[in-house]
Amino acid sequence: MDRKNKDFSGASKNDLDFLQDNQNFYDFKNADDYEYKIKKGLSKEIVEEISKRKNEPDWLLQIRLKALETYFKLDLPQWGPDLSELDMDNISTYVKPKTESKSSWEDVPEDIKNTFTKLGIPKAEHQYLAGVGAQYDSEVVYHSIKEDMLKRGVIYTDIDTAVKEYPELVKEYFSKCVPLSEHKFISLHYAVFSGGSFVYVPKGVKLEMPLQSYFRLNSPESGQFEHTLIIVDEGASLHFIEGCSAPKYSKVNLHAGCVELFVKDNAEMKFSTIENWSKNMLNLNTKKAIVGNNAKLDWVSGSFGSKISMLYPMSILQGDNSSTEYVGISFAGSGQNLDTGFKVLHIGKNTTSNVVSKSISKSGGVATYRSIVNILPSAINAKCSVNCDGLMLDSISKSDTIPVNKIACNDITFSHEAKVGKISEEAIYYLMTRGLTEQDAKAVIVRGFASPISKSFPLEYAVEMNRLIDLELEEAKND
Amino acid sequence: MKQLLSIKNLFVNVEDKEILKGLNFEVNAGETHVIMGPNGAGKSSLMNAIFGNPKYQKTNGQIVFNDVDITNAKPDEIAKLGVFMSFQNPVSVEGISVFNFIKTAKSKLTNSPINYFDLKDEIDKYVLQLDMREELSKRDLNVGFSGGEKKKAEILQMLCLNPKLAILDETDSGLDVDAIKVVSKGVEMFKNDQNAVLIITHSSRILEHLKVDKVHILLNGKIVKTGDASLVDFVEKNGYAGFEGEN
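Procedures and definitions
- Residues numbered from 1 in each chain as written.
- Chains lettered and ligands numbered in written order.
- Predicted model: local features only at pLDDT ≥ 70, side-chain atom pairs only at ≥ 80, totals over all residues.
- Heavy atoms only, no water.
- Helix = DSSP H or I, 4+ residues; strand = E, 2+ residues; numbered from the N terminus.
- Rg over C-alpha atoms; globule rule 2.2 N^0.38 Å.
- Buried < 20%, exposed > 50% of the residue type's maximum accessible area, 1.4 Å probe, protein only.
- Contact = heavy atoms within 4.5 Å.
- Lys, Arg positive; Asp, Glu negative; His and termini not counted.
- Charge placed at Lys NZ, Arg CZ, Asp CG, Glu CD.
- Pairing = 2+ DSSP bridges.
- Axes fitted to C-alpha atoms, helices over the stretch in contact; angles between N-to-C directions.
- Disulfide = S-S within 2.5 Å.
- Expected span 1.5 Å × (residues − 1).
- Salt bridge = Lys/Arg side-chain N within 4 Å of Asp/Glu carboxyl O.
- Nonpolar A, V, L, I, M, F, W, Y, C, P; charged D, E, K, R; others polar.
- Phe/Tyr/Trp six-rings, centres within 6.5 Å; stacked < 30°, edge-to-face > 60°.
- Polar contact = N/O pair within 3.5 Å; in protein donor to acceptor, adjacent residues only side chain to side chain.
- Core = buried A, V, L, I, M, F, W, Y, C linked by side-chain atoms within 4.5 Å.
- Parallel < 35°, antiparallel > 145°, perpendicular 65-115°, else oblique.
- Left-handed = near helix turned anticlockwise from the far one by under 90°.

(A) Seen up close, the overall build of chain B. Secondary structure assignment for chain B yields 7 helices and 12 strands. For 247 residues, the compact-globule estimate of 2.2 N^0.38 gives 18 Å, and the C-alpha radius of gyration of chain B, at 18 Å, lies within 12% of that figure. Dimensions of chain B along its principal axes, counting C-alpha atoms only, are 55 × 35 × 35 Å. Split into buried and exposed, the 247 residues of chain B put 55% on the buried side. Long-range contacts, defined here as pairs at least 24 residues apart, represent 69% of the contacts in chain B between residues at least 6 apart. Side chains of chain B give 30 positive and 34 negative charges; the mean places of these two sets differ by 2 Å.

(B) Just the sheet that holds strand β1 (residues 3-14) of chain B, in detail. Residues and elements named next belong to chain B. Read from one edge to the other, the open sheet built from 4 strands follows the order β2-β1-β4-β5, with strand pairing classed as antiparallel. Of all the strands in the sheet, just β2 (17-28) and β5 (68-69) have a single pairing partner and so form its edges. Contacting β1, β2 and β4 (56-65), helix α1 (residues 43-50) crosses the sheet at an angle of about 115° to β1.

(C) The state of the cysteines, seen in detail. Residues and elements named next belong to chain A. Taken as a whole, this structure holds 0 disulfides over all chains when the rule is applied. Free of any disulfide, C177 has its nearest cysteine sulfur in C258, 7.7 Å distant. For C177, a relative accessible area of 4% gives the class buried. For C388, which is in no disulfide, the shortest distance to another cysteine sulfur is to C384 and amounts to 11 Å. For C388, a relative accessible area of 1% gives the class buried.

(D) Up close: the sheet that holds strand β3 (residues 32-36) of chain B. All names here are of chain B. Taken together, the 6 strands give an open sheet; going across it, the order is β6-β9-β10-β3-β11-β12, and neighbouring strands pair in mixed fashion. The strands lining the two open edges of the sheet, one partner per strand, are β6 (83-86) and β12 (222-227). Ignoring which end each strand starts from, the neighbouring axes of this sheet average 20° apart. With 5 bridges connecting them, strand β9 (residues 165-169) and strand β10 (residues 196-201) associate as parallel partners. Counterpart to D169 in the pairing with β10 is I200. The sheet strands contacting helix α7 (residues 230-238) are β3, β11 (214-219) and β12, and the helix crosses β11 at an angle near 40°.

(E) Quick peek at helix α6 (residues 177-190) of chain B. Residue and element names in this part refer to chain B. Given a rise of 1.5 Å per residue, 14 residues ought to cover 20 Å, and the 20 Å separating the end C-alpha atoms of α6 matches this to within 8%. Residues of α6 that are buried include every one of A179, I180, V182, V183, S184, G186, V187 and F190, and no others. Against α5 (147-161), β9 and β10 lie the buried residues of α6.

(F) Expanded view of the interface of chain A and chain B. Every contact between the two is made by 25 residues of chain A and, on the other side, 38 residues of chain B. Taken together, the connections running from chain A to chain B amount to 2 salt bridges. Among the ionic pairs, E154 of chain B bridges to R434 of chain A, the shortest N-O distance being 2.7 Å. For the side of chain A that touches chain B, the elements supplying multiple residues, two or more each, are α9 (425-432) and α10 (438-454) of chain A. Per element, the largest residue contribution to the side of chain A that touches chain B is 7 residues, and it comes from α9 of chain A. Here the side of chain A that touches chain B is composed, by residue class, of 11 nonpolar, 5 polar and 9 charged.

(G) How the structure looks around the packing of aromatic side chains. Applying the stated rule across the entire model yields 23 aromatic pairs over all chains. Ring plane angle 50° and centroid distance 6.3 Å describe the contact between Y36 of chain A and Y94 of chain A, whose orientation is recorded as tilted. Of this pair, Y36 of chain A sits in strand β1 (residues 36-37) while Y94 of chain A sits in the loop between α2 (58-73) and β2 (95-96), and the two are 58 residues apart along the sequence. Across this residue pair, the class does not change: Y36 of chain A and Y94 of chain A are buried. On the numbers, 5.1 Å between centres and 85° between planes, the contact of Y116 of chain B with F117 of chain B is edge-to-face. Judged by its relative accessible area of 40%, Y116 of chain B is partly exposed. For F117 of chain B, a relative accessible area of 58% puts it in the exposed group.

(H) Highlighting the environment of S197 of chain A. Residues and elements named next belong to chain A. Within the secondary structure, S197 is located in strand β6 (residues 197-201). S197 sits in the buried class, given a relative accessible area of 2%. For the pair formed by S197 and T228, sequence separation is 31 residues and the distance between their alpha carbons is 4.7 Å. Once residues lying within four places of it in the same chain are set aside, the contact partners of S197 are H143, Y156, T157, D158, I159, S213, H227, T228, L229 and F240. At 3.3 Å, the side chain of S197 forms a polar contact with the side chain of H143.

(I) Region of interest: the pattern of salt bridges. Tallied over the full model, the rule gives 32 salt bridges over all chains. Of the charged contacts in the structure, one is a salt bridge between D440 of chain A and K108 of chain B, with a shortest N-O distance of 3.1 Å. Taken together, the residues span two chains, with D440 of chain A in helix α10 and K108 of chain B in helix α3 (residues 98-110). Judged by relative accessible area, D440 of chain A falls into the buried class, the value being 15%. On the accessibility criterion, K108 of chain B (28% relative accessible area) is partly exposed. Between R133 of chain B and E135 of chain B there is a salt bridge whose closest N-O contact spans 2.7 Å. Taken together, the shared-partner salt bridges connect R133, E135, R139 and E149 of chain B into one network.

(J) Structural detail: the nonpolar core. The biggest cluster of nonpolar side chains holds 136 residues, and the ones touching the most others in it are F116 and L431 of chain A together with L5 and F25 of chain B. Residue contributions to this core peak at 8 residues, all from α10 of chain A. In terms of nonpolar packing, the next biggest core, distinct from the first, is built from 54 residues, I46, I50, L65 and L68 of chain A among them.

(K) Quick peek at the side chain of R64 of chain A. Positionally, R64 of chain A belongs in helix α2. We classify R64 of chain A as buried; its relative accessible area is 0%.

(L) Just α10 of chain A, in detail. Compared with an ideal rise of 1.5 Å per residue, which puts 17 residues at 24 Å, α10 of chain A spans 22 Å between its outermost C-alpha atoms and is within 8% of the ideal. Of all the 17 residues making up α10 of chain A, 15 are buried; the element is thus mostly covered by neighbouring parts of the structure.

(M) Here's a closer look at the packing of α3 of chain B against helix α4 (residues 116-129) of chain B. All names here are of chain B. The N-to-C vectors of α3 and α4 enclose an angle of 120°; their axes lie 11 Å apart at closest approach. Comparing their axes, α4 and α3 come out oblique. The crossing of α3 and α4 is right-handed. Contact residues: F99, I102, K103 and K106 in α3; Y116, L119, K120, E122 and I123 in α4.

So, in structure tokens, the structure goes:
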């Protein structure tokens, strides 16, 4: 055996053969069986048709039409990953599954129910969630909240229902956090949005258990544009968990969702995401939060799938003494370009932001951390700390950090640390001398690297995250 | 006595520079061996070469462990045959505790699941005997450990993983009194007539408390002299200059 030119980073296929279970857990598909799938492309007629089918009020239709107009006017971003392969003429923006939204799994059609059962949703609901929403393609197929949550006045429903049942509340907040024209894909989102969750937690109500919405895109050559709108009223607290996945198709799918969060004075919220889109997905998602006085918002984000991701959750620290934390990890394998990061705007006095970002790249994958920290003159005594690490598992992968810091206030504390490096061969060797295979050794190192992030997830999700890391490492075999 | 390790005519290059130049020696079960030599003699190259570190290219020769040719084996395969190496400066790995790491390693080495409580009892016992701080086994592997704590963690691993041959890299610990105590205590606890220890050092201090069967002098990539424990005294008095002629 010639070992002369072999190093640990160039694992041969044989080295990885012991891994039997290389079936991607998330990659199972149902027949493209729908009640209605709108024709491909984007036009005024299509937007009007979606609105009509939803029997929407006129104000919402007007928002859609205005957004469509803006979409056509705006250019593609002049930075970040190349999006030229996205052709809206080949994307169907609305696919209605063969069911209405149900509040009992028994009533959900078999194939769709099986999908969510495989993903572990009903089990998680039973064990540790206060409520669950499940979206399949363009519509929510299941929504349920525990009785005592209802009694405490918590609203957790799909957005279409909210528009009908709580019109004033929706109208007051909808598109007030993320404006229609912020960028091209948010305009697209507002033009064709469908599905997503609406949450209202009344003043002083603290939810001990999380709510979770799961978004599954099954239909090929289609897009998912869910809109999640959450209001955590004064002194309330909520942990919201979002999960997403899709089976893999040969042609591009698109996800352009939007999350708007309003965290009122003295309220606390945590928004966690575990995303494992299939590797034909363009994930161009927008998330933003407005944080009130003495309020706190934490983002926890695990980005594993997709072909291209552009995702930069933003916290607007409007209130005095408000704080935010972003803890995120992305894992870019072969053919993936994950451009993720965080934006924060410090407006209020004594505002605090903390960022811990980790990215892993492997088999030619590209992982970029991109951020904007903006501290306004009003943000006296603001504190911001950014810490980002990139880990490359071989020499053909890329990892980069692109921070932008705009600081217009003198009286602040700011620190930024960025490290990018290749996985340590010395560490792999050390672990191998204790009997771990090269693959096991890498898994231990990568899990350890990711541990500050996985610790931020509830235990069950930390386990899922480690499984996703293992899956990503195993996939070297199929590359 | 059962032969455990046999190295024959070993030539090793590091970055195309020849470091080991035809090295021979053998270790039998029940024995404690010492390899001594000045800095740059090839001591760490020898250890790394035995353990299949890919940076050390073997250009000639053969290494056999317990009747298996391991010349071209990978580190994990060698570990599974029952070889352990204590590092002078082990790397830190965040996110895995010493306890969980030992549990993982033990289950890989034995190819069977490890009972948590059995392992806990075992580790608690060694922690006490090695005078370790109890919380050390709960901390991330070597992260923020002092030199002494790293040494203890390595010896703890050796005791728990219970190899047939333990290679101890003590190239730097010649002057550290605490390190010397930990190593001698660990070896004393570990040693029996079925296993063997190979200590690599350039100083004789470490050997004061150990019963040594054989001493090999490594100079310029070769074993130039093999003898009993009295060789240590010779080195103590005369340094390595006295062996130059034997090369």
